[in-house]
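Descriptive analysis of the structure
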Amino acid sequence: MPQPTPLSTLLRVIPNELLKRWFHDHIPGPFDIPWETLGENEIEPMIVHLDELPSSIRKDAEIDLRTIRSFASEAGMRAIEDTARMHGEPDLLSRIPDGLNLNGRAMWVRLHEWEILHAATTLLHLEEATFWRKRNGVPANVEIAGDAAEQLGNAVSNMLREEGRGQHVTVERLENNGIVYFIVHPDDFVRSDNMHDDQGRLATVSIRPTLDIIFAYERHAGSFELCANLPKAHKERLEPMFSRTVLGWQLPPYEDESGYYIDHLKDPNTPLPTDPADEIRVRIEEIKMFNPSTRRRISTDINKHDETDTIHRAISEELRSSHDVLANFSVNSVGIRFVFPATRYARAGARIIRITPGSCNLRSLTPDRAEIVQKHLRMWGVDHAPTDEPNLVSVGA
């Protein structure tokens, strides 16, 4: 979990002109803040005013600032753009004044289009979710019943009630870029925390937070993914539950299929072609393999400081010392480094995409980069879905 951003940073990164409007519209006054003479990054008068507010109001103000801060990224802008399009405002981002940084752009949307920013938190949460598990081979383009969310919520509730949670469940349903999402929020285990009330008195409060269970059904590909911070046994019950209640399909056991093919990536003759239009560079940097007959495991990676090193050279050196042969090993996981060019909202950067037969951290990327990665995984025969991409350049793995 990332470290919380200090209040001072939250105020410094937003232009004073927008902060003045935010204080005026959303924070109780009167204000002793000299806005006309206050320089940018001079935040002391703002902090003094916030400190004088009742605890509950100050808490709400900080939550508001942290929400704004969470959208100050490429992922945040994409979430706002997609949400605005779904609300019939496709030109929202073009209406934001030029010259604002990402924090200022997020604050501008907060001040002028609060409903869109609030709704965009769901998409942003989806983009930042990790540990997705994929299932292929389900029916494509299913006509989903209107009460599917209710049926799914009831099924999840019944499963979790066995453990003393899940009494209340809320299910959100939305569709974006051909993917139908069901975000299930069941009650989790109760817990207690200490906090100060508005009079500054320490009190113990009991809360029952919700946990998130996310299903993403890709209509055209005939696949869906599950994201849930739950044990494997729970996921194995949730997947057929979703397939049955939402898709009307009897899902086979998880062990009967793999979401991704990665065994061929151990072969040094396997190329990794890239589309020149995407301007990316790729290299396999990590690989883990297992020999079921000897129970031997191999885990190796490249020398990241040596541009000429390859994963297949590393594998060869490991096998030479173990006196085993490559064909005896199956690949358990692989890490592929993608180097992306700069975009409208982000600088050039690199990410390690980690893939196992049943999972991939693809959805931790922003949608535009996730689309590029998914396209290439299909090109390389890693993702089961077929592809037909012309004009590709083969590069070293």
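Here is a short report on the structure shown in this document.

Parameters at a glance
- Residues numbered from 1 in each chain as written.
- Predicted model: local features only at pLDDT ≥ 70, side-chain atom pairs only at ≥ 80, totals over all residues.
- Heavy atoms only, no water.
- Helix = DSSP H or I, 4+ residues; strand = E, 2+ residues; numbered from the N terminus.
- Buried < 20%, exposed > 50% of the residue type's maximum accessible area, 1.4 Å probe, protein only.
- Contact = heavy atoms within 4.5 Å.
- Areas by Shrake-Rupley, 256 points an atom, 1.4 Å probe, with all protein chains shown as cover.
- Lys, Arg positive; Asp, Glu negative; His and termini not counted.
- Charge placed at Lys NZ, Arg CZ, Asp CG, Glu CD.
- Pairing = 2+ DSSP bridges.
- Axes fitted to C-alpha atoms, helices over the stretch in contact; angles between N-to-C directions.
- Salt bridge = Lys/Arg side-chain N within 4 Å of Asp/Glu carboxyl O.
- Phe/Tyr/Trp six-rings, centres within 6.5 Å; stacked < 30°, edge-to-face > 60°.
- Lys NZ or Arg CZ within 6 Å of the ring centre and 35° of its normal.
- Polar contact = N/O pair within 3.5 Å; in protein donor to acceptor, adjacent residues only side chain to side chain.
- Core = buried A, V, L, I, M, F, W, Y, C linked by side-chain atoms within 4.5 Å.
- Domains from an automatic or database assignment.
- Parallel < 35°, antiparallel > 145°, perpendicular 65-115°, else oblique.
- Left-handed = near helix turned anticlockwise from the far one by under 90°.
- Nonpolar A, V, L, I, M, F, W, Y, C, P; charged D, E, K, R; others polar.

1. A look at the overall build of the protein
- Secondary structure summary: the protein contains 12 helices and 14 strands in total.
- Each of the three principal axes of the protein carries a C-alpha extent, and together these read 75 × 50 × 45 Å.
- Buried positions account for 47% of the 397 residues belonging to the protein.
- Restricting the contact set of the protein to residue pairs at least 6 apart, pairs at least 24 apart contribute 65%.
- When the accessible area of the protein is evaluated, it comes to approximately 20500 Å², of which 49% is carbon and sulfur surface.
- When the 45 positive and 61 negative side-chain charges of the protein are each reduced to one mean point, those points stand 5 Å apart.

2. A few points about the sheet that holds strand S13 (residues 359-360)
- Strand order in the open sheet made by the 10 strands is S2-S3-S6-S7-S1-S13-S12-S11-S9-S10, with antiparallel pairing throughout. Of all the strands in the sheet, the pair left with one neighbour each is strand S2 (169-176) and strand S10 (296-301).
- Contacting strand S1 (132-136), S2, strand S3 (179-186) and strand S6 (213-218), helix H8 (residues 114-128) crosses the sheet at an angle of about 85° to S2.
- In this fold helix H12 (residues 367-379) packs onto S1, S6, strand S11 (330-340), strand S12 (349-356) and S13, with an angle of close to 135° to the strand it touches most, S11.

3. A word on the pattern of salt bridges
- Enumeration over the complete set of coordinates arrives at 30 salt bridges.
- The shortest N-O distance in the salt bridge between Asp64 and Arg110 comes to 2.9 Å. A residue pair is termed long-range when its members are at least 10 positions apart, and Asp64 in helix H4 (residues 55-70) and Arg110 in helix H7 (residues 102-112) qualify at 46 residues. The same class applies to Asp64 and to Arg110, which are both buried.
- Where salt bridges share partners, they join Asp51, Arg58, Glu62 and Arg66 into one cluster.

4. Digging into the packing of aromatic side chains
- As enumerated under the stated definition, the model contains eight aromatic pairs in all.
- Centroid distance Phe215 to Phe242: 4.5 Å. Interplanar angle 5°. Geometry classified as stacked. Placement of Phe215 in strand S6 and of Phe242 in helix H10 (residues 232-247) is noted, with a sequence separation of 27 residues between them.
- Accessibility expressed as a relative area gives 0% for Phe215, which makes it buried.
- The structure contains a cluster of three or more aromatic residues connected by ring pairs, namely Trp22, Phe23, Phe31 and Trp35.
- Directly above the ring of Trp114 sits Arg110, whose terminal nitrogen or CZ lies 4.2 Å from the centroid.

5. Some thoughts on the pairing of S11
- Across the 11 residues of S11, eight count as buried, placing the element largely inside the fold.
- Direction of pairing for strand S9 (residues 281-291) relative to S11: antiparallel, over a ladder of nine bridges. When the bridges of S11 are listed, Ile284 appears paired with Ile336.
- Bridging between S11 and S12 involves seven bridges; their strand directions are antiparallel. Counted as the bridge partner of Ile336 is Ile353 from S12.

6. Focus on the side chain of Arg369
- Tracing the backbone shows Arg369 in helix H12.
- Looking at Arg369, its side chain comes within polar contact range of the main-chain oxygen of Pro341, at 3.4 Å.

7. What about the pairing of S2?
- Where S2 lies against S3, eight bridges are found, and the strand directions are antiparallel. Note that in S3 the partner of Glu172 across the bridge is Ile183.
- Linking two consecutive strands that pair antiparallel, namely S2 and S3, is a turn of two residues; a positive phi of about 55° is found at Asn177 within it.

8. Concerning H7
- The buried count for H7 comes to nine of 11 residues, which makes it a mostly enclosed element.
- Asn103, Gly104, Arg105, Ala106, Met107, Trp108, Val109, Arg110 and Leu111 are the residues of H7 that are buried.
- Turning to H7, the residues buried within the fold contact helix H2 (16-26), H4, helix H5 (74-86), helix H6 (92-95) and H8.
- The N-cap residue of H7 is Asn101: its side-chain oxygen and the backbone nitrogen of Asn103 are 3.2 Å apart.

9. Considerations on the nonpolar core
- In terms of nonpolar packing, the biggest core is built from 49 residues, with Leu11, Trp22, Met46, Ile80 and Met107 touching the most fellow members.
- Among the elements that make up this core, the one with the highest residue count is H8 (six residues).
- Two domains each donate at least three residues to this core, and these are domain 1 (7-127) and domain 2 (133-247).
- When neighbours within four sequence positions are excluded, Trp22 is seen to be in contact with Ile27, Ala61, Asp64, Leu65, Met107 and Leu111.
- Judged by nonpolar contacts, the second largest core, of 32 residues, contains Tyr260, Ile311, Ile336 and Phe338.

10. Thoughts on the environment of His168
- Looking at the element boundaries, His168 is found in the loop between helix H9 (148-161) and S2.
- In this structure the C-alpha to C-alpha distance between His168 and Pro186, which are 18 residues apart in sequence, comes to 5.9 Å.
- Contacts of His168, omitting those with residues within four sequence positions, involve His185, Pro186 and Asp187.

11. A short note on the side chain of Glu218
- Mapped onto the elements, Glu218 comes out in strand S6.
- Setting aside chain neighbours within four positions, we find Glu218 in contact with Gly178, Ile179, Ser223, Gln374 and Arg378.

12. With respect to the packing of H5 against H8
- Across the interface, H5 lies against H8 with an axial gap of 8 Å and an inter-helix angle of 125°. Classed by the angle they form, the pair H5 and H8 counts as oblique. Note on packing geometry: the crossing formed by H5 with H8 is right-handed. Counting all contacts with H5, which are made through Ala75, Gly76, Arg78, Ala79, Ile80, Asp82, Thr83, Ala84 and Met86, the residues of H8 involved are Ile116, Leu117, Ala119, Ala120, Leu123, Leu124 and Glu127.
- Class assignment of the residues belonging to the contact of H5 with H8 gives a composition of 11 nonpolar, two polar and three charged.

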